[in-house]
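# An overview of the molecular structure
The chain contents come next:
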Amino acid sequence: MGYNLSVIKEECETLSKRIEVDTFKDSTVLITGANGLIGGFLSDFFCYINDVRDANCTIYLTSYSSPDRASRIQHLLDRPDVSYFSWDSSERVRRSDLPDKIDECFFCSGYGQPSKFLKNNVKTSLINVVGVESLLDYIHSHGGGKFTFLSTSEIYGNPPQDNIPTPEVYGGAYDLDNNRAAYKVSKCLGEVICKEYNKAENMNVKIARVALTYGPGTLWSDKRVLQEFIFKASRGDIQMLDGGESLRNYLYVTDSVELILNLSKGKDLVYNVGGDLEEVSIYDLASKVAENFGSKVLRGQSKLAATQSAPKGVCLDMSRVKNEFDFFGAQQTPLSNGIKQVIRWYNLGENK
């Protein structure tokens, strides 16, 4: 089953009008985790601005997948401005795969899906430590550059009510017995490594604590809740795993990437990257998806291991971003519109 790449092109065109493209002109860009949602969108965006805005970027892409299995970015791999190499980012990067100088690096590697990072806690941990440090060391020793680390809002755990919405200064809580500990704690250690390298004069390192970015670009194999609802609704009714009371704030991929691309201009090291305009319960999310297919939503009673330790509510304090980047807020894509774009991406429903 194929994907509707025209949706991605539309979003790249939208984003190119909102970004100072000249900031990246003539840059050498490395995107890790390029076969994922955010990494894939970044890959398409830099190719788009090369084509349409003469950005003249040299683009290096990498993911765990072999070239023939990198399905999200398969359409980019034969381009003359793109070099691709496979990399298991739980190990140190092979220096022979890298260019002499990297101007911009976006570290998007890792498992965003709980169903995946719960299966291999050791590899999950090493990606955010060994992989991150090896790239930072290379960039630092080869003239320096910009490095953006995609961390996670999961490091906050389940904050008390007086820290909701959750600001960047909230420290979270350490819990070794939490089944998501490998993911959360290794992200924390990755942030510590980033902080240390940011002390070097030739480095500009930023940490993006990403929460619930969604949008076109997810693969058919993606088992996160929004995709599962879309797949179920396309076949019939949506049977939920539980009552769907947990609350979430989603952020559309175009809005998320716009913020990530601007972080290097910020004065702080750490930034929340999440939505704050449209809080929904998981049940309401299912209902919004179902509306596109004429499906029903059936509440469930049980919880799977992947959801047992998930935060009950994800609501980030976005005031730090809004104080520095005046574009953020008003341009956030309504959830209903974003869901329609995801459905189009999969060539499903009436919106294709």
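Report on the accompanying structure. What you see is a predicted model, and the numbers here were worked out from it, not measured in a lab. (Residues numbered from 1 in each chain as written. Predicted model: local features only at pLDDT ≥ 70, side-chain atom pairs only at ≥ 80, totals over all residues. Heavy atoms only, no water.)

Moving on, we get to the overall build of the protein chain. Per the secondary structure count, the protein chain includes 11 helices and 13 strands. Expected size for 352 residues packed as a compact globule is a radius of gyration near 20 Å; at 19 Å, the protein chain falls within 12% of this value. Counting all 352 residues of the protein chain, 56% fall into the buried class. Sequence-distant contacts in the protein chain: of pairs separated by 6 or more residues, those separated by 24 or more amount to 82%. One finds the centroid of the 40 positive side-chain charges in the protein chain at a distance of 4 Å from the centroid of its 45 negative side-chain charges. (Helix = DSSP H or I, 4+ residues; strand = E, 2+ residues; numbered from the N terminus. Rg over C-alpha atoms; globule rule 2.2 N^0.38 Å. Buried < 20%, exposed > 50% of the residue type's maximum accessible area, 1.4 Å probe, protein only. Contact = heavy atoms within 4.5 Å. Lys, Arg positive; Asp, Glu negative; His and termini not counted. Charge placed at Lys NZ, Arg CZ, Asp CG, Glu CD.)

Here the focus is the environment of S109. Assignment of secondary structure puts S109 in the loop between β4 (104–107) and α3 (114–117). Its relative accessible area of 8% is what places S109 among the buried residues. Between the alpha carbons of S109 and L150 there is a distance of 8.0 Å; along the sequence they are 41 residues apart. Non-local contacts of S109, meaning those with residues more than four positions away in its chain, are made with T32, G33, S89, I127 and K187. Here T32 takes part through its side chain, which lies 2.8 Å from a polar atom of the side chain of S109. (Polar contact = N/O pair within 3.5 Å; in protein donor to acceptor, adjacent residues only side chain to side chain.)

Attention shifts here to the pattern of salt bridges. Here the structure, examined in full by the defined rule, presents 24 salt bridges. Taking the shortest distance from any N to any O, the salt bridge between D103 and K101 comes out at 3.3 Å. The partly exposed category is assigned to K101, whose relative accessible area is 33%. (Salt bridge = Lys/Arg side-chain N within 4 Å of Asp/Glu carboxyl O.)

Strand β2 (residues 58–63) sits mainly inside the fold: five of its six residues count as buried. Sheet topology note: the strand β1 (residues 28–32)/β2 ladder contains five bridges and is parallel. Residue pairing in the sheet places T28 in a bridge with T58 of β2. As a crossover connection, the stretch from β1 through helix α2 (residues 37–53) into β2 is right-handed. Judged from the five bridges that link them, β2 and strand β3 (residues 82–86) form a sheet pairing that is parallel. Note on β3: the bridge partner recorded for Y60 is S83. (Pairing = 2+ DSSP bridges. Right-handed = clockwise from strand over helix to strand, strands pointing away.)

For the rest of this paragraph, the subject is the side chain of D242. With respect to the element layout, D242 can be found in the loop between β8 (238–239) and β9 (247–249). Only 2.9 Å separates the side chain of D242 from the backbone nitrogen of G244, close enough to count as a polar contact.

Bear in mind that shape data such as this cannot, by itself, settle questions of function.
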